[in-house]
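Structure at a glance
Letter by letter, the chains look like this.
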There are 2 protein chains.
Amino acid sequence: MSKRQILLLSSSNVHGYSYLEYAAKDIKDFLNKNKVTDVVFIPYALKDYDGYLKKVKNVFTTWGFNMTGIHESKSPSDTVKSAQSVFVGGGNTFLLLKTLYDNKLIELIRERVILEGMPYMGTSAGTNVATKSIHTTNDMPIVYPPSFIALNLVPFNINPHYLDTDPNSKHKGETREERILQYLEEDGADTVLGLREGGTLLVDGNQIILKGLTKARLFVKGTSPQEIDVETDLSYLLKK
Amino acid sequence: MSKRQILLLSSSNVHGYSYLEYAAKDIKDFLNKNKVTDVVFIPYALKDYDGYLKKVKNVFTTWGFNMTGIHESKSPSDTVKSAQSVFVGGGNTFLLLKTLYDNKLIELIRERVILEGMPYMGTSAGTNVATKSIHTTNDMPIVYPPSFIALNLVPFNINPHYLDTDPNSKHKGETREERILQYLEEDGADTVLGLREGGTLLVDGNQIILKGLTKARLFVKGTSPQEIDVETDLSYLLKK
Ligand SMILES: [Ca+2]
Ligand SMILES: [Ca+2]
């Protein structure tokens, strides 16, 4: 039985909701179930750590949780070692992954989540880095990380902010689906879950359930893409 | 006086035109001015080299030029050494740059263009790799190249397929402008030319002119983004 306790959001902002509001129940349930009172926020995907912490802390405080920023302590690794739980915010995935490597946090976070069951929450870029690799981020490669391999808390890829093809678009850049199918042509690529905004993945031990407001789109090498309904059990993806 | 002869397209496909049709006059003028009869096509941004060559060759043949694929010879570097001119097609920028590195073509193409004046044409990903680095590609990072540094035929960045923010969009991922401004916060980032689909950059020695069907948007660190009209002289960007 794996100890994994993971909640991965496609996005923090969803049309018609305030910041993180659409996921409030899922986040609170996740933290309460795991008896978490204190959350360490990791703001590395943006430049303004203090401003970012203030914004997220404001929401978590309203919900009754304590929050500190990983950048507020001298030792990020000591902070992770003693954290009850981490929340990894969105922004730029390359910047986030590079900063996690620079601070030597990749192995440490992975061990704490996989071996010790430290609850991990991520949104957008924070969801990308929780997967096998960042090969399916939508972000611009504004910095060069030492690898695209990520935390590998789940053994497949996620594309957050998944966007359906607009048949009326006059834009000729690749559609999201085309981009993901190009990735699946590469060696080592196998499964990509397209999480639409409002979609959330809950990993509880050996079980994965799609949560949130909207269907997801699943791409598996060699098969046609398929639509996944909310509350679908996707536990078989852990065996990939 | 620099020998540079470069034509960089934002895209091959533009709404309302057949493949490369919108740029036919600019491409033919560019090749004729440089007395080019034979073009080497570099299809590395896609997987199906033969299929891609066939599609592009069909267009260039109609225009009266001979075309061969770099993959048709045993030695890509010998082919570049003897090429009259190269055309680098679009697709995935990471795959293209990695394959150029794998085939040891980066320094070679750069020398031939900068020192010998070999005419270089690129579109989309082929435009990204012609610039300082691929930090401003829109593509998904489906493979890990040994560096994001590119051919550096021009000393700034280009964002091809530049897309204006849609005020009616319900999608909450970063806008293109937000992504580029995030890049400009990084060390070493200075100037990004957002080339809208249908936009083309002509580099003739020390002169750069915006060509094509549409305005471009120029982002320079520390200043507000500005709109650039077609036929504007952008030669000052070569001094960056
Ligand atoms: Ca992002
Ligand atoms: Ca592309």
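Up top is the structure.
A brief look at the structure comes next. (Residues numbered from 1 in each chain as written. Chains lettered and ligands numbered in written order. Predicted model: local features only at pLDDT ≥ 70, side-chain atom pairs only at ≥ 80, totals over all residues. Heavy atoms only, no water.)

Residue and element names in this part refer to chain B. Most of strand 1 (residues 5–9) is tucked away, with five of its five residues classed as buried. Along strand 1, one buried face is formed by Gln 5, Leu 7 and Leu 9 and the opposite face, lined by Ile 6 and Leu 8, is buried too. As judged from the five bridges shared by strand 1 and strand 8 (residues 199–204), these two strands associate in the antiparallel manner. Looking at the pairing, Ile 6 lines up with Val 203 of strand 8. (Buried < 20%, exposed > 50% of the residue type's maximum accessible area, 1.4 Å probe, protein only. Helix = DSSP H or I, 4+ residues; strand = E, 2+ residues; numbered from the N terminus. Pairing = 2+ DSSP bridges.)

Another aspect to go through is the coordination of the calcium ion (ligand 2). Protein-derived ligands of the calcium ion (ligand 2) are Glu 174 of chain A (OE), Glu 174 of chain A (OE), Gly 91 of chain B (O), Asp 139 of chain B (OD) and Asp 139 of chain B (OD), with the metal-ligand distances lying across 2.3 to 2.9 Å. Taken together, the residues span two chains, with Glu 174 of chain A in the loop between strand 6 (157–162) and helix 7 (176–184) and Gly 91 of chain B in the loop between strand 4 (86–88) and helix 4 (93–102). (Donors = N, O, S within 2.8 Å, 3.2 Å for Na, K, Ca; no water.)

Protein ligation of the calcium ion (ligand 1) involves Gly 91 of chain A (O), Asp 139 of chain A (OD), Asp 139 of chain A (OD), Glu 174 of chain B (OE) and Glu 174 of chain B (OE), the donor distances falling in the range 2.3 to 2.9 Å. Taken together, the residues span a long stretch of sequence, with Gly 91 of chain A in the loop between strand 4 (86–88) and helix 4 (93–102) and Asp 139 of chain A in the loop between helix 6 (125–128) and strand 6 at a distance of 48 residues. For the pair formed by Gly 91 of chain A and Asp 139 of chain A, the shared burial category is buried.

This part covers the pairing of strand 1 (residues 5–9) of chain A. Strand direction decides the pairing type here: strand 1 of chain A and strand 5 (residues 120–123) of chain A, joined by four bridges, are parallel. Following the sheet pairing, Leu 8 of chain A is matched in strand 5 of chain A by Gly 122 of chain A.

Take the side chain of Thr 137 of chain B next. In this fold, Thr 137 of chain B is placed in the loop between helix 6 (125–128) and strand 6 (157–162). The class of Thr 137 of chain B is buried, set by a relative accessible area of 1%. Within the structure, the side chain of Thr 137 of chain B is placed 3.0 Å from the side chain of Thr 93 of chain B, a separation counted as a polar contact. A distance of 3.0 Å separates a polar atom in the side chain of Thr 137 of chain B from the backbone nitrogen of Asp 139 of chain B. Once you skip the residues sitting within four places of it in the chain, Thr 137 of chain B turns out to touch Met 140 and Pro 141 of chain A together with Thr 93, Phe 94 and Asn 128 of chain B. (Polar contact = N/O pair within 3.5 Å; in protein donor to acceptor, adjacent residues only side chain to side chain. Contact = heavy atoms within 4.5 Å.)

A grouping of Asp 48, Asp 50 and Glu 72 of chain A together with Glu 185 of chain B is seen on the molecular surface, where their side chains present a negatively charged patch. Examined against the element boundaries, Asp 50 of chain A turns out to sit in helix 2 (residues 49–62). (Patch = residues over 30% accessible without salt bridge, like charges linked within 9 Å, V, L, I, M, F, W, Y side chains within 5 Å. Areas by Shrake-Rupley, 256 points an atom, 1.4 Å probe, with all protein chains shown as cover. Salt bridge = Lys/Arg side-chain N within 4 Å of Asp/Glu carboxyl O. Lys, Arg positive; Asp, Glu negative; His and termini not counted. Charge placed at Lys NZ, Arg CZ, Asp CG, Glu CD.)

This part takes up the interface of chain A and chain B. Each side of the interface is counted separately: chain A has 40 residues, and chain B has 40 residues. Summed over both sides, the interface of chain A with chain B buries roughly 3,500 Å², with 59% coming from carbon and sulfur. Considering only the surface of chain A that becomes buried against chain B, Met 140, Ile 142 and Tyr 144 of chain A emerge as the three largest contributors, covering 20% of it. At the junction of chain A and chain B, the tally comes to four salt bridges. Between Glu 186 of chain B and Lys 47 of chain A there is a salt bridge, with its nearest N and O atoms 3.2 Å apart. Applying the counting rule to chain A against chain B returns 23 residue pairs in polar contact (both at pLDDT 80 or more). (Buried area = accessible area lost by both parts, 1.4 Å probe.)

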